[in-house]
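Examining the three-dimensional arrangement
Next come the chains, spelled out residue by residue.
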Amino acid sequence: MGRELNKLKRRKESLRRLEEVNDKRGMSLIIHYSCESFYEIKDGRTPRVTSIAVKNFDSGQTASFSIHKSAELASVPHAEILNEYDRLEKNMLDEFFAHLRAVPHHCFIHWNMRDINYGFQAIEHRYRTLGGNPFVIDDARKFDLARELINLFGPTYAPHGESGRLHSLMEINQITAKDALTGKQEADAFDNQEYVKLHQSTLRKVDVMNNILDRTLDGSLKTKSSSWRRYGLHPAALLEVVQQHWIWGLMVVVGVLITIFTPVLPELISLTGIIE
């Protein structure tokens, strides 16, 4: 199978997974977390977790876990948090993993939480380091919205820039960035022990992801992708179909062209200058 046909196949799979999320909104949880900057760590340890937010896609109810809340419950003054960090982080992660055990069949929608640097594995490893026994979410129940958007719209759907595609999408779709920190700002906030600020950023980002997912599902998400990519078709893919199965491919091409060009015909006419 050619490269463009593989892209179409991945897009079809992403659409199927999105439909499953839409059908089971009450069983879909949007998760995000903030942590110490892993770029600044020189001794090889995993970054300390500062806050986690888990939002139900259907009800909007959000559970949150943070260092400053753990400190308040343990009667630890803000000035002493750094000295008590491991104990407070352990208490926070105790709460978080207890929450995970209460939702063993839910799907977790995340943004690039894929590895030991930043992801579910990083949180699990951090908890083990602190003496905890993490509840491990099966990979089949993880939905990486960042990757699915690439499958749908291609890697150029939003500029990566210094702040990442999430912030670019916010700008493109005019979603307010209030409280949502960039990676650099989060690192600075951690260094300055601004834990409430980090928690507010985490809460804001699950709201933003909820917004982006909703817009993706209803077709209103704005991107920088071309019309070809937005509708899941590329001329090279048509060529690959024809080359592999020319009779069947010709029939498919005709059908697809009718489907694709009908909604975008006014735009194409305008682009060619036929209509002044």
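First, a word on what this report is: a plain description of the structure on this page.

The rules behind each value
Residues numbered from 1 in each chain as written. Predicted model: local features only at pLDDT ≥ 70, side-chain atom pairs only at ≥ 80, totals over all residues. Heavy atoms only, no water. Buried < 20%, exposed > 50% of the residue type's maximum accessible area, 1.4 Å probe, protein only. Helix = DSSP H or I, 4+ residues; strand = E, 2+ residues; numbered from the N terminus. Pairing = 2+ DSSP bridges. Core = buried A, V, L, I, M, F, W, Y, C linked by side-chain atoms within 4.5 Å. Contact = heavy atoms within 4.5 Å. Phe/Tyr/Trp six-rings, centres within 6.5 Å; stacked < 30°, edge-to-face > 60°. Lys NZ or Arg CZ within 6 Å of the ring centre and 35° of its normal. Salt bridge = Lys/Arg side-chain N within 4 Å of Asp/Glu carboxyl O.

**Things to note about the pairing of strand β2 (residues 49-56)**
Taking burial as the measure, the eight residues of β2 include eight buried ones, the bulk of the element. With seven bridges connecting them, strand β1 (residues 28-35) and β2 associate as antiparallel partners. Within β2, the residue paired with Ser34 across the bridge is Ser51. Connecting β2 to the next strand, strand β3 (residues 62-66), in antiparallel fashion are five residues, including Gly60 with a positive phi near 80°.

**Topic: the nonpolar core**
Counting 35 residues, the largest nonpolar core has Tyr33, Ile52, Leu93, Phe96, Phe108 and Ile123 as the members making the most contacts within it. For this core, the element with the most residues is helix α3 (residues 85-101), which contributes seven residues. For Leu93, the residues in contact, after removing those within four places along its chain, are Ile52, Ile123, Arg126, Tyr127 and Leu130. The next biggest cluster of nonpolar side chains, apart from the first, holds 28 residues, and it includes Ala53, Leu145, Met209 and Leu213.

**Quick notes on the packing of aromatic side chains**
Under the definition given, this model contains nine aromatic pairs. Judged by centre distance (4.7 Å) and plane angle (15°), the ring pair of Phe97 and Tyr127 falls under stacked. Highlighted residues: Phe97 in helix α3 and Tyr127 in helix α4 (residues 120-129), separated in sequence by 30 residues. Its relative accessible area of 6% is what places Tyr127 among the buried residues. Each residue in the set Phe65, Phe96, Phe97 and Tyr127 is aromatic and connected to the rest through ring pairs, giving one cluster. Its guanidinium or amino end placed over the ring of Phe57, Arg25 lies 4.1 Å from that ring's centre, counting from NZ or CZ.

**Things to note about the pattern of salt bridges**
Tallied over the entire structure, the rule returns 15 salt bridges. Across the pair Arg25 and Asp214 runs a salt bridge, and its minimum N-O distance is 2.9 Å. In this pair, Arg25 is assigned in the loop between α1 (3-23) and β1 and Asp214 in helix α8 (residues 195-218), connecting sequence segments 189 residues apart. Looking at Arg25, the relative accessible area reads 21%, which means it is partly exposed. For Glu84, the salt bridge is made with Arg87, and the minimal N-O distance between the two is 3.0 Å. By relative accessible area, which is 40% here, Arg87 ends up partly exposed. Each member of the salt-bridge network shares a partner with another, and the members are Arg48, Asp86, Glu89 and Arg126.

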